[in-house]
Amino acid sequence: MDADTASGTRADRPGDELWDALAAAGDPLEPAVDEAVELAVAGDPVAVVGAPFGGRGRVLERVADRLDATHERLMPGAGLPALDGPAVLADVHHSYQRTVGGFDTLETLFERCARADGPTVTGWNQHAWSYLLHARDIDEAFEAVAVPAVGREVMGALVRHWSPSVTFRAPPEEARGLLGTDRRVYSIPGLGEREIPVPVVDTDALDHRDAEEDPEAAVIRRLTTLSDGNPGVAWALWDDCVADGDHAAVDPTALQTPVERTSERARDRERAQRERGTAGAGTPSGADDAGLDRPTAFCCRLVLAAERLPREVVAESVGDADRLLGRLERRGYVTTTDTAVALRPAAVPDAVALTDGRRIP
Amino acid sequence: MTGFVPVAQTNPLAGLRVDAGTVTQAVLVLVVAYVLARLVAAGLSVVAERAGDRRIAVKVFIPLVRFVIYAVATASILGGIFQLGSTELVAAGGLLGAALGFGIKDLFASVIGGLVVVFERPYRVGDKVSLGEHYGEVTDVGLRATRLVTPNDTEVVVPNLAIFGDSVANANAGAAEMLAVAELHVAPTADHERAVDIVREAALTSPYVRLSGEHPVTVIVEDGPHYTTIKGKAYVADLRDEFPFTSDVTRRTLAAFEAAGIERPRFAPDEA
């Protein structure tokens with residue numbers, strides 16, 4: 001099944017315009033293209049490994065052009081194409097599933113790549129790749145080429161390309177304090193649930209302090225850090241930020257992931273419920289990632305490592321998949337349809353933090 | 001009569017100032033110490049639960065902080081409120097010795113055991129340990145006793161003197177991850193290679209597994225006259241996932257065994 005078509009989320013994903021702008025801004029993907037072509041011509045099966053939405057697809061397109069190779073994408077549950085002559089195969093992370101017997105297609109791919117009679121270049125999601133490094137020693141079968149992250153200079157050029165007329169401003173005064181308070185609800189023996197002000201250290205405030213002198217640099221720095229230099233993620237974060245009409249002037253605090261926005265809204269709602277006296281019905285907190293159990297985080301990892309998946313594939317790897325996917329969608333990690341689930345590009349930092357924090361491979 | 005000394009002068013506790021005020025102050029100090037220790041322990045527990053894989057590193061401080069609070073309270077009661085000098089302390093020590101002889105030696109040994117646990121750290125709060133005949137997660141290390149929660153969610157209070165007489169087995173020694181073992185049995189005539197592959201894949205694909213260069217999945221086969229034991233060994237990222245992991249691997253392995261036609265032993269292992 002084509003999860004792309006089913007998910008209906010193509011418009012939410014970075015398109016050709018982003019990659020053309022990236023090429024114009026110094027073309028940071030070029031070294032990966034050169035190295036992949038060089039290794040492939042030398043006869044090694046090549047794996048182009050990149051973060052979700054980080055430009056892996058564009059690297060593979062250019063490699064296919066340079067090698068004059070066939071260029072196909074692997075779909076979840078679909079069979080492997082024949083590797084006759086120069087071949088570029090994208091989204092090869094769909095060749096395995098986290099189930100008993102889920103590595104059979106991958107083993108077949110290993111064999112075909114080893115016997116291929118022409119240059120073979122494959123494309124892998126980096127989270128799937130890191131799992132397979134330990135689960136299947138995949139680095140024995142391919143020479144890996146990493147898709148590079150972009151630096152602040154390139155990110156600045158992209159932002160100016162996306163929003164030539166945007167203005168930058170320093171964050172509000174209250175966002176610059178290193179020590180703040182956060183009101184959290186704790187259960188106290190004998191007193192029940194009580195909202196208690198808890199001192200919190202806001203490390204982001206260190207970044208905001210010099211924002212008054214150069215707001216643009218502060219915004220670019222924040223965008224680069226938040227996206228981890230991933231241009232596709234940065235594009236989505238920026239799009240979310242400026243899509244709101246209030247942000248014609250952007251400050252660093254306006255850059256938020258979907259999960260951060262959802263958490264903020266949930267906290268506001270919970271506070272309002274307590275004020276109105278309508279809280280306490282036992283609804284689990286929607287504002288706290290700590291409330292997500294390991295199967296839900298695992299489900300998030302499945303989507304992070306595949307970017308798009310049919311629901312049935314998720315359901316084969318984890319029980320009660322519909323409920324878990326619903327929890328992830330409500331918190332802003334993924335979007336779903338009746339048949340498919342897709343990772344939200346702007347939520348990649350949240351998904352990585354959630355799953356790496358729990359050391360899910 | 002030159003050797004006669006009035007009794008009042010030989011009583012080393014004669015200078016001890018005990019009145020309603022000092023007793024009240026001492027009780028007050030103990031109450032404050034108790035409340036403070038509970039608050040700090042509760043606060044650190046909340047912080048630990050939010051600290052993810054650093055949970056155990058934070059919980060290590062709970063018994064230490066509690067010990068310091070009670071030590072300061074004791075010192076302030078003895079030295080500050082009752083103003084005991086060296087003579088009084090020696091006399092109090094004599095009384096304590098007598099009390100030990102009369103039957104609180106086990107309590108004293110447990111307190112010493114508590115100090116050993118705090119400073120030598122054979123186990124910490126959050127570890128999974130076997131203490132004597134009990135196995136479970138350490139939830140509290142007190143001066144007198146250690147509390148474990150067993151896999152059946154039963155709290156067991158083990159006096160700290162147990163560490164002097166019984167061996168202590170610690171499954172994770174302060175780390176968040178631990179080795180978990182799923183044990184399955186197949187008939188001696190079953191396709192062992194296929195069975196091993198299934199167990200390995202079930203462990204590799206479990207939501208609870210921790211995989212890294214230092215944390216591989218291994219499968220061990222042990223032969224027996226009536227059945228072959230296949231053990232899937234893997235690390236779980238959080239020791240609380242030990243039983244969810246073994247249950248998940250066992251459940252999916254059994255389903256795959258059935259689908260692949262892997263023969264199960266005719267007798268249950270404990271019947272063979």
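Parameters and conventions
- Residues numbered from 1 in each chain as written.
- Chains lettered and ligands numbered in written order.
- Predicted model: local features only at pLDDT ≥ 70, side-chain atom pairs only at ≥ 80, totals over all residues.
- Heavy atoms only, no water.
- Helix = DSSP H or I, 4+ residues; strand = E, 2+ residues; numbered from the N terminus.
- Buried < 20%, exposed > 50% of the residue type's maximum accessible area, 1.4 Å probe, protein only.
- Contact = heavy atoms within 4.5 Å.
- Areas by Shrake-Rupley, 256 points an atom, 1.4 Å probe, with all protein chains shown as cover.
- Salt bridge = Lys/Arg side-chain N within 4 Å of Asp/Glu carboxyl O.
- Pairing = 2+ DSSP bridges.
- Axes fitted to C-alpha atoms, helices over the stretch in contact; angles between N-to-C directions.
- Parallel < 35°, antiparallel > 145°, perpendicular 65-115°, else oblique.
- Left-handed = near helix turned anticlockwise from the far one by under 90°.
- Nonpolar A, V, L, I, M, F, W, Y, C, P; charged D, E, K, R; others polar.
- Polar contact = N/O pair within 3.5 Å; in protein donor to acceptor, adjacent residues only side chain to side chain.
- Patch = residues over 30% accessible without salt bridge, like charges linked within 9 Å, V, L, I, M, F, W, Y side chains within 5 Å.

What about the overall build of chain B?
Across its full length, chain B carries eight helices and nine strands. Relative to its full complement of 272 residues, chain B shows a buried share of 39%. Restricting the contact set of chain B to residue pairs at least 6 apart, pairs at least 24 apart contribute 66%. Of the roughly 14,600 Å² that chain B leaves accessible, carbon and sulfur atoms contribute 60%.

Structural notes on the pattern of salt bridges
Oppositely charged side chains are able to pair whenever their charged atoms sit close together. Residues and elements named next belong to chain A. Counted according to the given criterion, the structure contains 32 salt bridges over all chains. Here arginine 66 makes a salt bridge to glutamate 30, at a shortest N to O gap of 3.6 Å. One end of the pair, arginine 66, is in helix H4 (residues 56–67); the other, glutamate 30, is in helix H3 (residues 30–41), with 36 residues separating them in the sequence. Salt bridges sharing partners connect three or more residues here, namely Asp27, Glu30, Asp34, Arg62 and Arg66.

A look at the environment of B:Val149
Residues and elements named next belong to chain B. Among the secondary structure elements, valine 149 is positioned in strand E3 (residues 145–149). As for valine 149 and lysine 128, which are separated by 21 residues in sequence, their C-alpha atoms are 9.3 Å apart. Residues within four places of valine 149 in sequence aside, it is in contact with Tyr135, Gly136, Glu137, Thr139, Thr154 and Glu155.

Re the sheet that holds strand E1 (residues 128–131) of chain B
In any sheet, the strands associate via hydrogen bonds between backbone groups, in a parallel or an antiparallel arrangement. Residue and element names in this part refer to chain B. Taken in spatial order, the five strands line up as E4-E3-E2-E1-E5 in an open sheet, and their pairing is antiparallel. In this open sheet, the two edge strands, each paired with only one partner strand, are strand E4 (155–159) and strand E5 (168–170). Averaged over all adjacent pairs, the angle separating strand axes in this sheet is 40°, with direction ignored. Examined bridge by bridge, strand E2 (residues 134–141) and E3 share four bridges and lie antiparallel to one another. Residue pairing for E3: valine 141 is matched across the bridge by threonine 146.

Looking at the packing of helix H12 (residues 294–304) of chain A against helix H15 (residues 348–357) of chain A
Two quantities define a packed helix pair, namely the angle between the helix axes and the distance between the axes. All names here are of chain A. Relative orientation of the contacting elements H12 and H15 amounts to 130°, with a least axis distance of 9 Å. On the basis of the axis angle, H12 is oblique to H15. The crossing of H12 and H15 is left-handed. Of H15, the residues touching H12 (which contributes Ala297, Cys300, Arg301 and Leu304) are Val348, Ala351, Val352, Leu354, Thr355 and Asp356. Of the residues in the contact of H12 with H15, the class split is seven nonpolar, one polar and two charged.

Notes on the side chain of A:Asn125
All names here are of chain A. Assignment of secondary structure puts asparagine 125 in strand E4 (residues 120–125). A polar contact is formed between the side chain of asparagine 125 and the backbone oxygen of leucine 304, at a distance of 2.9 Å. Here asparagine 125 is in contact with Gly50, Pro52, Arg56, His93, Leu304, Ala305, Ala306 and Glu307, once residues within four sequence places are set aside.

Thoughts on a nonpolar patch on the surface
On the surface, B:Val23, B:Val27, B:Val31, B:Tyr34, B:Val35 and B:Leu39 cluster together into a nonpolar patch covering about 520 Å² of accessible area. With respect to the helices and strands, B:Val23 occurs in helix H2 (residues 20–50).

Looking at the environment of B:Leu36
Along the chain, the position of B:Leu36 falls in helix H2. In this structure the C-alpha to C-alpha distance between B:Leu36 and B:Asn172, which are 136 residues apart in sequence, comes to 30 Å.

A few points about the pairing of E1(B)
Residues and elements named next belong to chain B. Examined bridge by bridge, E1 and E2 share four bridges and lie antiparallel to one another. Residue pairing across strands places valine 129 opposite glycine 136, the latter belonging to E2. Where E1 folds back onto E2 in an antiparallel hairpin, the turn is made up of two residues, including glycine 132, whose phi is positive at roughly 60°. Sheet analysis places E1 next to E5, joined by three bridges and oriented antiparallel. Bridging from a neighbouring strand, serine 130 pairs with alanine 169 of E5.

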